[in-house]
There are 2 protein chains.
Amino acid sequence: MTHTKENYLKAIYHLDQNQEKISLSELGKKMEVSMPTVNSMVKSLQEKDWVIYQKYQPLQLTTKGKQKAALIIRKHRLTEMFLAQYMGFGWEEVHEIAEEIEHLQVDKFFDRMDELLGYPAVDPHGSPIPDKEGVVVAKSYVPLSEIEVGVQVRICSLVKSSKELLLYLNRKEIALGTELKIEKKEPFDKSILVRYQRPDKVMLSHEVAQLLLVELC
Amino acid sequence: MTHTKENYLKAIYHLDQNQEKISLSELGKKMEVSMPTVNSMVKSLQEKDWVIYQKYQPLQLTTKGKQKAALIIRKHRLTEMFLAQYMGFGWEEVHEIAEEIEHLQVDKFFDRMDELLGYPAVDPHGSPIPDKEGVVVAKSYVPLSEIEVGVQVRICSLVKSSKELLLYLNRKEIALGTELKIEKKEPFDKSILVRYQRPDKVMLSHEVAQLLLVELC
DNA sequence: CTATAAAGTTAGATTAGTCTAACAAATTTT
DNA sequence: AAAATTTGTTAGACTAATCTAACTTTATAG
Ligand SMILES: [Mn+2]
Ligand SMILES: [Mn+2]
Ligand SMILES: [Mn+2]
Ligand SMILES: [Mn+2]
C-alpha cells in the first residue's frame, strides 16, 4: 500500500462519516485531483477490495477498507497526541505534521508513542483514536449550540478542527476540558453568551457553537 | 526531490566518504537495484546538478549534492538522537526508524527535536550531526586497535554501526562514553584485553577494536 | 596482446500516479 | 420533454522508478 492510496482511503473514510453515498467528484475535490485520476484510482482501490465500485454508481468502503483507513487514522491521531504532549506543539500545528508521519511503515514507532502516552483514547482535538484492530469507540457529544441557558458543560471534542477554528479558540482561551456555562442565547442570530475561567462573559456565534461538542458536567 | 532520490544521494555521499571515485556498480549494490536503474538515476541526478557524470566515468558529488545529502543526514541523525533520548529506543533500533523519518518534509518537526535535544553535535553512534547549512564538523578519533598497552581511552564513535556490532557491544556493556584501559595486546591475532566498569577483563578481537573510535582520557 | 570477465549502456516494457481533451451518462432546470 | 449542467468515462500522454535482454566498452588475466 502506497502513501497515495492511504490518503485516498482516509479521504473516503472521512466522507463516509458524513454522507452515506460518496461521489467521485467529492473525492476528487477532497484529494485535489482531476476526475480521471479519481476514476482510475477507485478502480485500483476496488481491485484491492477496499471499496465497492461500479460505473456511474456511488462509492462504498468495504469492511476491509474501513479497517485499513481506521488504522491509518490511528497512526495519525496517536502522532498528533505525541506531538502535542511530548513535543510541545500546539493543537493547531499537529495535524499538518501528522499528515506526513501517519504513512511511516515502522509499527514500533507508533507502539512506543502509544505506550509513552499511556494508551490515549482521543487525539488533541477530542477525536477518538481507533484501536489496533481498527475499531473506533466514539462517544456521542452534543453541539454547544443545542444546550439550554443556565446549563454547565465541558468541551470534549470538535466537529471540524480547522486551523482557523483552533487559532480562534486559542485567542478565546477555550481548550478541550474548558467548562462553561450558558448565560444567554440571542434568538436573532442564535449567538450565545458564555462564562468560563475568564473574568468577562464571552459571545460565541452560532457557527462556532455548532462546532464545539460538549458533555454536561 | 523524492524519497527515492534522497536515498540515492545519501548512498553516494556515504560511498564518497570512503572512496574518492564512485562506480555505478557499487551504487547499484548499495541501493539494491539493477545497473540500468542506477544508470538512469545518475543521469537524472546529474540534471539536478547533484552529481557530475559522464558515460563510463566514475561518479562525483557536486558541492550542491553534498549539501543536500548532508541535510538529509542531519535529519536522520537528529531523529536517531531523539528516538534514543526521548523515546527510549536502543542505539541498535534507531537507524531503521530514522531511515523512514529522514524523508519527512516538515522542517518544524526536526527543528523541534533539535531544540528539545539541546542542539546535539553527534548521534547515538557518535557520528556528527551536520548543521542547518549542511556543514559537518567531524572530530578525528583513533581506532582502539591502534592504542598502546596501558593507555586509558574513552569510546566516542564507531566506524560502522551495524546492528550486529551494536548488539555485541550491548552484551559486553560497552557504550559511547565507556572508558577503558588496554591491559594487553596479543600479537598473534591482534586481539586486545581491556578493563572497564566490569569486574573481569574483557577480550576484544582486532575486528571489533578497529571499529571502536576512541580519544585519550 | 588477445580473450575473457566485469562494468556500463541502450532499448523496450511495466506499474503508479497524474494530466488534458473529448465524449457519454445522469441529473436538474426550464 | 428538451435543454443545459453536472458528473463520470475513455483515450492518450507524461514522469518517476523499476525491470530484463541484448549489446558495448573498459579492465584483467593469461
Ligand atoms: Mn488531524
Ligand atoms: Mn497523509
Ligand atoms: Mn543511522
Ligand atoms: Mn531513507
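Our subject in this report is the structure included herewith. (Residues numbered from 1 in each chain as written. Chains lettered and ligands numbered in written order. Predicted model: local features only at pLDDT ≥ 70, side-chain atom pairs only at ≥ 80, totals over all residues. Heavy atoms only, no water.)

Focus: the protein's contact with DNA strand D
- Neighbouring residues of DNA strand D: 21 residues in total, closest A:Asn39, A:Tyr53, B:Thr2, B:Lys5 and B:Thr37.
- A breakdown of the atoms of DNA strand D within 4 Å of the protein gives sugar and phosphate a share of 73%.
- For DNA strand D, a phosphate oxygen lies 2.4 Å from a polar atom in the side chain of B:Thr37.
- Among the secondary structure elements, those contributing two or more residues to the surface near DNA strand D are helix H2 (24-31) and helix H3 (35-47) of chain A together with helix H1 (3-18) and helix H3 (35-47) of chain B.
- For the surface near DNA strand D, a count of residues per class yields 10 nonpolar, eight polar and three charged. (Near = heavy atom within 4 Å. Polar contact = N/O pair within 3.5 Å; in protein donor to acceptor, adjacent residues only side chain to side chain. Helix = DSSP H or I, 4+ residues; strand = E, 2+ residues; numbered from the N terminus. Nonpolar A, V, L, I, M, F, W, Y, C, P; charged D, E, K, R; others polar.)

Examining the interface of chain B and chain A
- If you look at the interface, chain B gives 19 residues, while chain A gives 19 residues.
- Both sides together, the interface formed by chain B and chain A hides about 1800 Å², and carbon and sulfur atoms give 67% of it.
- Of all residues in chain B, the largest losses of buried area upon contact with chain A belong to B:Met87, B:Glu100 and B:Lys108, amounting jointly to 32% of the total for that side.
- Our count for the contact surface shared by chain B and chain A stands at two salt bridges.
- For B:Glu93, the salt bridge goes to A:Lys108, with nearest N and O atoms at 3.1 Å.
- There are 10 residue pairs in polar contact (both at pLDDT 80 or more) connecting chain B and chain A.
- Counting residues per element, the side of chain B that touches chain A draws most heavily on helix H6 (residues 107-117) of chain B, which supplies five residues. (Contact = heavy atoms within 4.5 Å. Buried area = accessible area lost by both parts, 1.4 Å probe. Salt bridge = Lys/Arg side-chain N within 4 Å of Asp/Glu carboxyl O.)

Overview of the packing of helix H4 (residues 63-87) of chain A against helix H6 (residues 107-117) of chain A
Residues and elements named next belong to chain A.
- Interhelical geometry of H4 versus H6 gives an angle of 50° and a closest axis separation of 10 Å. By the angle between their axes, H4 is oblique relative to H6. Relative to H6, H4 is oriented so that their crossing is left-handed. Contacts between H4 and H6 involve Arg74, Lys75, Leu78, Thr79, Met81, Phe82, Gln85 and Tyr86 on the former and, on the latter, Asp107, Phe110, Met113, Asp114, Leu116 and Leu117.
- Taken together, the residues of the contact of H4 with H6 sort by class into eight nonpolar, two polar and four charged. (Axes fitted to C-alpha atoms, helices over the stretch in contact; angles between N-to-C directions. Parallel < 35°, antiparallel > 145°, perpendicular 65-115°, else oblique. Left-handed = near helix turned anticlockwise from the far one by under 90°.)

A closer look at the coordination of the manganese ion (ligand 4)
All names here are of chain B.
- Protein coordination of the manganese ion (ligand 4) is provided by Asn7 (OD1), Glu99 (O), Glu99 (OE), Glu102 (OE) and His103 (NE2), with donor distances spanning 2.0 to 2.5 Å.
- One chain supplies every donor for the manganese ion (ligand 4), spaced along it as N-x91-E-x2-E-H.
- On the basis of relative accessibility, which here comes to 7%, the residue His103 falls in the buried class. (Donors = N, O, S within 2.8 Å, 3.2 Å for Na, K, Ca; no water. Buried < 20%, exposed > 50% of the residue type's maximum accessible area, 1.4 Å probe, protein only.)

Focus: the relation of the copies chain B and chain A
- Taken as rigid bodies, chain B and chain A are interconverted by a rotation of 180° and an axial shift of 0.0 Å, the fit giving an RMSD of 0.0 Å. In symmetry terms, the pair is related by a two-fold rotation axis. By C-alpha distance to the rotation axis, the residue of chain B lying nearest is B:Ile101, at 3.8 Å.
- Comparing interface residues between copies, 100% of those in chain B also lie at the interface in chain A; the contact surface is shared. (Least-squares fit on C-alpha atoms with pLDDT ≥ 70 in both.)

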